[in-house]
Amino acid sequence: HRLLLEQGVVPDVIMPGATVTNYQVIFSPYTPAFDDATLKRLENFVEQGGTWVLGPLSGCRTMEATAHRRAGYGLDFENWLGIHLRHRLPPGGVTKLATSQGIVGCRWWCDAYQTKPAQTVLVKYAGGPLDGFAAVVECPVAKGRVILLGTQPDDPWLRRLIQKLVPSPGVTADAGVLAVERVTAAGKPAGSIVVNTRSTAKSFRLPDGTSHQINGYGVILNRNGW
């Protein structure tokens, strides 16, 4: 959530039972259990073309808070994803990640996967007992995909992932500045709101390339144009 805000993306925060048909990307950073209705809704969302980013330790428990008996995520769910959870360990301070940008750190937890040729391994573990196992996997499902994070890579890698998945806002800004486009009830453009959540002055940039400054904790309401 913090990384999305820092990049000028204002996400909706929805309950598990909410309708998801109006979204293109859904993040589940840590959702230990999914009831059958929610899981079916998310599976339909993916199969119709959505992108679901499933964070570490999501789906690791039943609704009774017990471990799945036949597979780490439940046998049906693993078969749907096309992966198998092979190992589950804490990082222990020694496990790193091998990415296309080099070796980066990881944190909180390490799920290691066995994959099939249809899956794209985005990140592998480097060093430690999980060396060589898949850590982040893109699983194509029907028209959509699930990006399965077995661990949480460092912030720069996650920022790059967000940039690939979420369209860039029309107004870009420094970290801590939120720029939200406004629309009328009929959906017509109605300017924008820029909010600086930090105590020091920051900058934001318009689509035409011009840069503007906003004071600490400042709010700029633009109705018609800059």
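Computed from a predicted model, the values in this text were never measured in an experiment.

What counts and what doesn't
Residues numbered from 1 in each chain as written. Predicted model: local features only at pLDDT ≥ 70, side-chain atom pairs only at ≥ 80, totals over all residues. Heavy atoms only, no water. Helix = DSSP H or I, 4+ residues; strand = E, 2+ residues; numbered from the N terminus. Contact = heavy atoms within 4.5 Å. Areas by Shrake-Rupley, 256 points an atom, 1.4 Å probe, with all protein chains shown as cover. Lys, Arg positive; Asp, Glu negative; His and termini not counted. Charge placed at Lys NZ, Arg CZ, Asp CG, Glu CD. Pairing = 2+ DSSP bridges. Axes fitted to C-alpha atoms, helices over the stretch in contact; angles between N-to-C directions. Expected span 1.5 Å × (residues − 1). Buried < 20%, exposed > 50% of the residue type's maximum accessible area, 1.4 Å probe, protein only. Arc of directions from axis to C-beta.

Here the focus is the overall build of the chain. When its secondary structure is counted, the chain shows 4 helices and 16 strands. Taking the principal axes of the C-alpha coordinates as reference, the chain spans close to 60 × 40 × 30 Å. Within the chain, counting contacts between residues at least 6 apart in sequence, those at least 24 apart form 53% of the total. Only carbon and sulfur atoms are counted for the fraction: they give 53% of the accessible area of the chain, which is about 12500 Å². Taking the 23 positively charged and 17 negatively charged side chains of the chain as two groups, their mean positions are separated by 3 Å.

The sheet built from 3 strands is open, its strands ordered E11-E14-E15 with antiparallel pairing. Each edge of the sheet is formed by a strand with only one pairing partner; in this case those strands are strand E11 (172-173) and strand E15 (211-214). Where strand E14 (residues 202-205) lies against E15, 4 bridges are found, and the strand directions are antiparallel. Paired with Arg 205 across the two strands is Ser 211, which belongs to E15.

Right, let's talk about the sheet that holds strand E12 (residues 177-183) for a bit. If you walk across this open sheet you meet the 3 strands as E12-E13-E16, and the pairing is antiparallel. Strands at the two margins of the open sheet, each flanked by one partner only, are E12 and strand E16 (219-222). Sheet twist, expressed as the mean angle between neighbouring strand axes with direction ignored, is 10 degrees. Two strands pair when backbone bridges link them, and E12 and strand E13 (residues 189-196) are joined in this way by 6 bridges, in the antiparallel orientation. Within the sheet, the bridge partner assigned to Val 183 lies in E13 and is Pro 189.

Backbone geometry at Leu 57 places phi at a positive 65 degrees, although glycine is not the residue there. Inspection of the secondary structure puts Leu 57 in the loop between strand E2 (51-54) and helix H3 (75-81). In this model, Ala 142 sits at a positive phi of 50 degrees, which is unusual for a non-glycine residue. Along the chain, the position of Ala 142 falls in the loop between strand E8 (134-141) and strand E9 (144-149).

Moving on to helix H2 (residues 36-47). The end-to-end C-alpha separation of H2 is 16 Å, in line with the 16 Å expected for 12 residues at 1.5 Å each. Of the positions making up H2, those classed as buried are Thr 38, Leu 39, Leu 42, Glu 43, Phe 45 and Val 46. The buried residues of H2 occupy an angular sector of 155 degrees when the element is viewed end-on, so they sit on one face. Next to the buried residues of H2 lie strand E1 (25-28), E2, H3, E8 and E9.

The values are spatial; any link to function lies outside them.
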